[in-house]
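Chain residues, written in single-letter form:
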Amino acid sequence: MNHYDAVIIGAGHNGLTNAAYLAKAGLDVLVVEKNDYIGGAAVSRELHEGWVYSSCSYVCSMMRQSLHRDLDLSRHGLMLVPYLGTINFADNGDTLSSYHSEEAAYNELKRISRHDADAMFRLQADLTRYSQVIRKTLLRTPPDPASFKPRDIHELLFLAKEFWSLGEKELYEYIRFFTLSAADFLDEYFETDIVKTSMAGAGIIGTALGVYSPGSSYILLHHVMGDVDGSIGAWGLARGGMGAISEAIASALKSYGGEIRTNAGVERVLVKGGKATGVVLENGDIISADIVVSNLDARRTFTKIMEKDDLPPGIYEKAQNYKIRGSSGKVNIALSGLPKFTNVPDNPYVNRGGQAFSGSMETMERAYDCWKRGTWSDDPFIESVIPSAWDPTVAPPGMHWMSNFIQYCPPELADGPWTPEKRDQFGQTVIDKIERYSPGFKDLIVHMEVRTPWEIEQEVGLTEGNIFQGELTIDQLLFNRPFPGFAQYRMPIKNMYMCGSSTHPGGGVSSACGANAAREILMDLRRPNTVPQDDCYDE
Amino acid sequence: MNQYDSIVVGAGHNGLVCSNYLAKRGKRVLLLEAGERCGGLASTYEFHPGFKTSVAQYATHLPKRIINDLKLRDFGYASHKLDLEALSPEGDSVSLRSGSLFGASADDMAAYQDYDRLLDKFAQMFQPFWQKTVPPIGNNSLSEMLAFAELGLKIRLMGREDMQEFFRVIALPMYDLLDEYVSSPLVKSLLSWDALIGTKQAPRSPNNSVLHLLYRMQGDSEICVNIQNLVEALTQSAEANGVEIRTAAPVESIQISQESEALAATGVVLESGEAISAGQVISSADPKTTFLSLVGSEWLEIEFTNRIQRIRDRGMVSKLHLALDGLPAFNGLDSPDRRLLLAPDVETIECAFDNAKYGELPEQPVLEVTTPSLSSSDLAPEGKHVMSINVMYTPYALKEGWNVSAREALQESVVKTLETYAPAIRSQILGSELLTPADLESRFHVSGGHWHHGDFALDQLIMMRPTHGAAQYKTPIDGLLLCGAGTHPGGDLTGLPGFNAAREALS
Amino acid sequence: MIVTMNSFDLATEKPKPSHFQPRLDELNIKEAWSAWNGYKFAEYYYEVEYEYFCVRNLCGTYDICPMQKYFISGADAERMLNRMVTRDVTKMKNGRVSYVLWCTDEGRLIDDGTIFRLGDEEFMLTCGSPSTAWLKKSCVGFDNLTIRDRSDDYAGLALQGPTSCAVLKKMGLTGIENAKPFTIHHFDFGGKPLMVSRTGFTGDLGYELWIDAEHAVEMWDALYAAGQDYGIHPFGEQATNMLRLEAGFIMPGYEFNEALKTVHFEFDQTPFELNLGWMVDFKKPHFNGRSALVEEARRGPKYTLTKLDIEGNKPADGSFIYNSKRCTTDIGYVTSAMWSPVVKSNIALAMIETPYLNGELWAEINYEKELRQFHKVARCKIQDAPFWSPERARLTPPSDF
């Protein structure tokens, strides 16, 4: 059969979520995926024998628990486990471990600065407050402020009410917080650099902004607003790697009767009379569908798989101007043992978390300066996690798997495109830096895979390898995402929708984009809504 | 019985405007100035024998309303045209004249029309709000809610697409915005300049620069005021309206009493020890100076004090004044009778900013050059000229400190940069004066040496300028008001903070 | 460039030992530990009610090493503190202690604590939670002062109960019987300075002993040697919570949320809501939160913390308060509740919407009987005086038992 009610382009977690909800509502759906595996960037792959790499995304905290529960993902094999805190490494050799236990975390902070240990209580309360408001918007379709439709006005009032509930003073603080740089924001709380850097990493991960750039404090919030079982700011690992998330959603999708076709890259979206009618695959197959949903990023959707002539005027240009910048690299390493780090207590609670090689605020910012100039820093910011310390399924016993996320890595070098040699030099920079904090680290390396934005784009299809499918700056958030006027998942072509992280609420393995898009599609089809709106936890 | 109805602290242009309006309404007003002359950063002084200048060089958007209300033309106020032109060392140039782009490619000139239409529309929309008190956002009265409703309506009335575009464009960095329209590096640096100068923003900094640019687009942006005339006109107009002006009268403290339930300002004490009472004290000093030095934190709330202390007001601009033997010849230019921007592309601007954010001197400074003696012949002896150069970006807190060698290094790099555009200029220099942000702070009593008394950034603007709790000109202390650039709408020589504050003071 | 810093005393997962830890370990036979401000801290040592009666009947010691102790000195110290807290510090004489509150700009309670005036320009501020960041903010504009955080090197031990004065006399603190409530006295303890204040958190006769951490155990031993015949015994957090409730004292985490750690709008409290309006002095010079509190005093607090005597014997923990027996409109909630063994009453502190204070008050109490859950509605009576306030707590000199 080559006709479906809906065809979804791209089997990333949002595409699968979208398809699952459409299938749950009784639609006949097909997900087409260009790779021979599903998951997009939420993927587990055995890239070295015995090791399962979460080769792109590596941790998870934004996965909406109401979706997890609603799609029964646990029954489909998903388990999310919160991991313990992260050790932050400073240029001067000092370390800061963020313990899970409040007492230990306090004593550790106090070792660095009594002032900052106290200030951390306040920061946590403030971030929790900010998160609670923004979290309520994640599973809702952003209102269109230019519209007078009752629903948009209702949603705008909802937003206004939520913000109003903060009280006047906090409302000002919230506005400030949204526009400040991570550095200015953290300066208001802390006096020591190492405490600031331990929080600032969240402000730059995945984004083409520096810690000193206005707007990076929102990115910080975007990374801490997630939670695992209601504990805000906690990060989780998916047992079996990030692919477990995609596999569970795919399993849910299949249980509702949906289909997935791999090795089925889309050549072109078919448009007839201003309506999407299906897709042509790269192998020439034509799949007709009443509805076409793109899980690709906005730039790729409008400039790669659609004809410019099929689009209303201006859309192609909007897609070209859409900010989707490659700024991150990834180095995945198979290790023969657990690395030991200098100046870190030998303590299983500490060593089951992550590591952040941040250096100092200046070091982080200088890495951004390098990115602006089209090169990578000798001293990049690295956020690492060793999931195998928790997850017995991703490496052989006694062996380990380490994910290293590097900020920044340019999509293209000033002196030309990436080459395998340059990519390897980049990887070398990363392990050289880790070796400085963990003498003997390099000797543990069994296998290593280096990904620059170029590799990420080639494999996963994210434009420039941008992990959020587009920058999370104010001009591309909420009703501006991906472009003003098209933030409600409907595309400028009839019967066509977007469901990827290019839409509200953006990246971060939340499944919210896919679910929200499904809600809009079902509304247009006048079908009963199957998508939960509010998160299932009281705050 | 108070000696005065109002005391205005600081005779910068905002203090002059504010006191002038109050006096016009029959108030007994005393204007106190710490320096020898009125005008603050806009005061004209001799920096080299026979050569005079002021730190502030141009006022491109002084509202007509203030000019008319205060009858400034009667007191000698004059204006002339001052275009902005960006030069390349090779002698290429692009310029903005009468709202059009000159010297650029046809594509860029066409794109500029679209760009200008959009921004101009936004600027028009905002225009009335610069002359209004923006109410606080909580516990509003109906009239205050109406102010927001009006803004919302105005945004909506721009039409659906422009409204949508507004919400997107307002947060864009200049780098991205210009990328969407034009392609020539020189055009980009030309168009980005007014969004950046004077504040801590680089082409790639999001959120703040477009609003900054819109602020600068109010009024007629090519009309420039002769600074010396402006200050003299304001002073004479104030005196004519009955303002009593005392210069060389630095204020030591603002007197506060706590007789009733609320705190109230009752007057000032001068450094000389003289106490002067008044029903109102209106400070045009920057918020940090006003609250932390003149009032004292024991009269203020703790978080409020800390918000004031945290105002980001570290200046980024140094000033180099040159006394020149003759008119310098710039490559490809007949006369330097405009604002000359010496920044070949936005990357150069960004790099200069990058150095400064770490407290370093820019490797390649970015310069804005004016020659005020071309429009005011009395600034320099016959045939000689004064050149006034804004040097971006130079940190207030230089890592190594503003010692002699750092100052020399900065001056040398500025002159060297100038030489690539005007090869003979070094030999024309008769004298010079370099004012770093630290110098501006000590010389002109401006915290951080910041032109605008605080960065032009969203978290320090509108109902948050200088901070919530003091953003409607009134402060937590009854009878104490602010009227300086640290209040809405902000810096530059607009007189609007003084104008708005006078309205609040009278209400 | 990485400098290896082996000298770091890296924090561990374990809470820090108290300065009295060797003795606490011996006495805590139930190993019932929790933690407070990063320190190991006893929930109880033997049995809660036993410890409670030790204090009411004999005397007990309570480890207050985890309390925060800030020494604030300098010409601006008085002005800074006076601007921070709601009571008038300028009226405090040297050698006196004052219970104080401090609030946010909006008049919401940040924390309570005590100020010890040690000299004209020397104060000790103690409080339950770390306050360094707030103190730093409070110091902006007050340049002539220094703050030494001695939380970690100054040991404190509370000695509370009717025989406590006798114990201190036996310990050799001559003249301690003349110490009036809220006064500070200095003694020589074998060549080391020992500070004793007549203060406490139990509403009974009691003292607090302060000494440099390195002499803490030595002092403990001397105190316990002296107290042997007077029934001295350590008491933990749970007994303290009973004792303070009888005295009507507020506790963070029960009666109030520290404002700076409060997430939801106005889920913190004002002094007036906590019935501590008497501690807000509008006649003193400006202090933080003053204008908000002036407004609150004028308008009246939304809630008022009220002492309740509840019929029956089932503690009303977590109960809603209603304005009628039908329990249709809830008008408040219980913050702390217990059966008081000394006054034989079912007592509670409750936050009640101020307009309803003059009407009927009913508590809906859930309780358990051999695993089955029950609930009942009990009439509440407002009580103005503390539930427990013996004469001996105020008497100078106090009797020996």
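Only a predicted model underlies this, so the values are computations on that prediction, with no experimental measurement involved. (Residues numbered from 1 in each chain as written. Chains lettered and ligands numbered in written order. Predicted model: local features only at pLDDT ≥ 70, side-chain atom pairs only at ≥ 80, totals over all residues. Heavy atoms only, no water.)

Moving on to the interface of chain A and chain B. Tallying the contact residues gives 42 residues for chain A and 38 residues for chain B. The largest per-residue losses of area from chain A upon contact with chain B belong to Ala146, Tyr172 and Lys372 of chain A, which jointly make up 17% of the total buried on that side. At the junction of chain A and chain B, the tally comes to 14 salt bridges. At the boundary of chain A and chain B, one finds 20 residue pairs in polar contact (both at pLDDT 80 or more). Counting only elements with at least two residues in the side of chain A that touches chain B, the list comes to α6 (168-179), α12 (315-321) and α13 (361-372) of chain A. (Contact = heavy atoms within 4.5 Å. Buried area = accessible area lost by both parts, 1.4 Å probe. Salt bridge = Lys/Arg side-chain N within 4 Å of Asp/Glu carboxyl O. Polar contact = N/O pair within 3.5 Å; in protein donor to acceptor, adjacent residues only side chain to side chain. Helix = DSSP H or I, 4+ residues; strand = E, 2+ residues; numbered from the N terminus.)

With that out of the way, let us pick up the nonpolar core. Grouped together as the largest cluster of nonpolar side chains are 111 residues, with contacts concentrated most on Leu72, Tyr115, Leu119, Leu191, Leu214 and Tyr393 of chain B. Of all the elements, helix α3 (residues 106-130) of chain B adds the most residues to this core, at 10 residues. Of the domains in this structure, domain 1 (4-42 + 61-75 + 228-312 + 446-506) and domain 2 (104-212) of chain B are the two that each give at least three residues to this core. For Tyr393 of chain B, the contacting residues outside a window of four places in its chain are Leu196, Thr199, Gln201, Ala202, Pro203, Met316, Ile349, Ala352, Phe353, Ala356 and Pro362 of chain B. By size, the runner-up hydrophobic cluster in this structure holds 65 residues, among which are Met361, Val385 and Tyr408 of chain A together with Met463 of chain B. (Core = buried A, V, L, I, M, F, W, Y, C linked by side-chain atoms within 4.5 Å. Buried < 20%, exposed > 50% of the residue type's maximum accessible area, 1.4 Å probe, protein only. Domains from an automatic or database assignment.)

Opposite the 38 residues of chain C that make contact, chain A presents 39 residues. Approximately 3,100 Å² of surface area, both sides summed, lies buried where chain C meets chain A, with 53% of it carried by carbon and sulfur atoms. For the interface between chain C and chain A, the tally reads four salt bridges. For Asp149 of chain C, the salt bridge goes to Arg114 of chain A, with nearest N and O atoms at 3.0 Å. Counting across the chain C and chain A interface gives 12 residue pairs in polar contact (both at pLDDT 80 or more). Of all the secondary-structure elements, those providing two or more residues to the side of chain C that touches chain A are β1 (32-36) and α4 (132-138) of chain C. Considering every element that reaches the side of chain C that touches chain A, the biggest residue donor is α4 of chain C, with five residues. For the side of chain C that touches chain A, a count of residues per class yields 17 nonpolar, 11 polar and 10 charged. (Nonpolar A, V, L, I, M, F, W, Y, C, P; charged D, E, K, R; others polar.)

Before going further, it helps to spend a moment on helix α8 (residues 209-216) of chain B. Residue and element names in this part refer to chain B. For α8, the buried fraction is high: eight of the eight residues fall into the buried class. All buried positions along α8 are accounted for by Ser209, Val210, Leu211, His212, Leu213, Leu214, Tyr215 and Arg216. Structurally, α8 contributes buried residues whose contacts are with α3, α5 (160-169), α6 (174-181) and α7 (185-196).

Attention now moves to empty space enclosed by the protein. By the definition in use, this model includes seven cavities of 30 Å³ or more. Its volume calculated, the largest cavity comes out at about 80 Å³. Considering the residues around the largest cavity, the lining is formed by Ala208, Leu209, Lys323, Arg325, Tyr368, Glu471 and Thr473 of chain A together with Pro173, Asp176, Arg204 and Pro206 of chain B. Considered class by class, the residues forming the lining of the largest cavity number five nonpolar, one polar and five charged. Empty space within the second largest cavity amounts to approximately 50 Å³. Taken together, Thr137, Arg140, Thr141, Pro142, Pro143, Glu155, Phe158, Leu159, Leu478 and His504 of chain A make up the full set of residues lining the second largest cavity. Ranked by the residues each element gives to the lining of the second largest cavity, the list is headed by helix α5 (residues 150-164) of chain A, at three residues. Grouping the amino acids of the lining of the second largest cavity by side-chain chemistry returns five nonpolar, three polar and two charged. (1 Å grid on protein atoms, 1.4 Å probe; cavity = no way out; pocket = protein on both sides within 12 Å on 5 of 7 lines; lining within 4 Å. Points joined across faces, edges and corners; volume = space filled by probe spheres on them.)

Our focus in this paragraph is the domain arrangement of chain B. Residue and element names in this part refer to chain B. Looking at the assigned domains, one finds that chain B contains domain 1 (4-42 + 61-75 + 228-312 + 446-506) and domain 2 (104-212). Inter-centroid distance (C-alpha atoms) of domain 1 to domain 2 is 28 Å. Taken together, the contacts link 21 residues of domain 1 with 18 residues of domain 2. In this assembly, domain 1 packs against domain 2 so that about 1,700 Å² is buried in total across both faces, 61% of it on carbon and sulfur atoms. It is Phe456, Met463 and Gln472 in domain 1 that bury the most area against domain 2; as a group they hold 31% of the surface buried on that side. Summed over the shared surface of domain 1 and domain 2, the result is zero salt bridges. Counting the contacts that link domain 1 with domain 2 gives 11 residue pairs in polar contact (both at pLDDT 80 or more). By residue number, the principal contributor to the side of domain 1 that touches domain 2 is helix α16 (residues 496-506), which donates five residues. Residue composition of the side of domain 1 that touches domain 2, grouped by class: 12 nonpolar, five polar and four charged.

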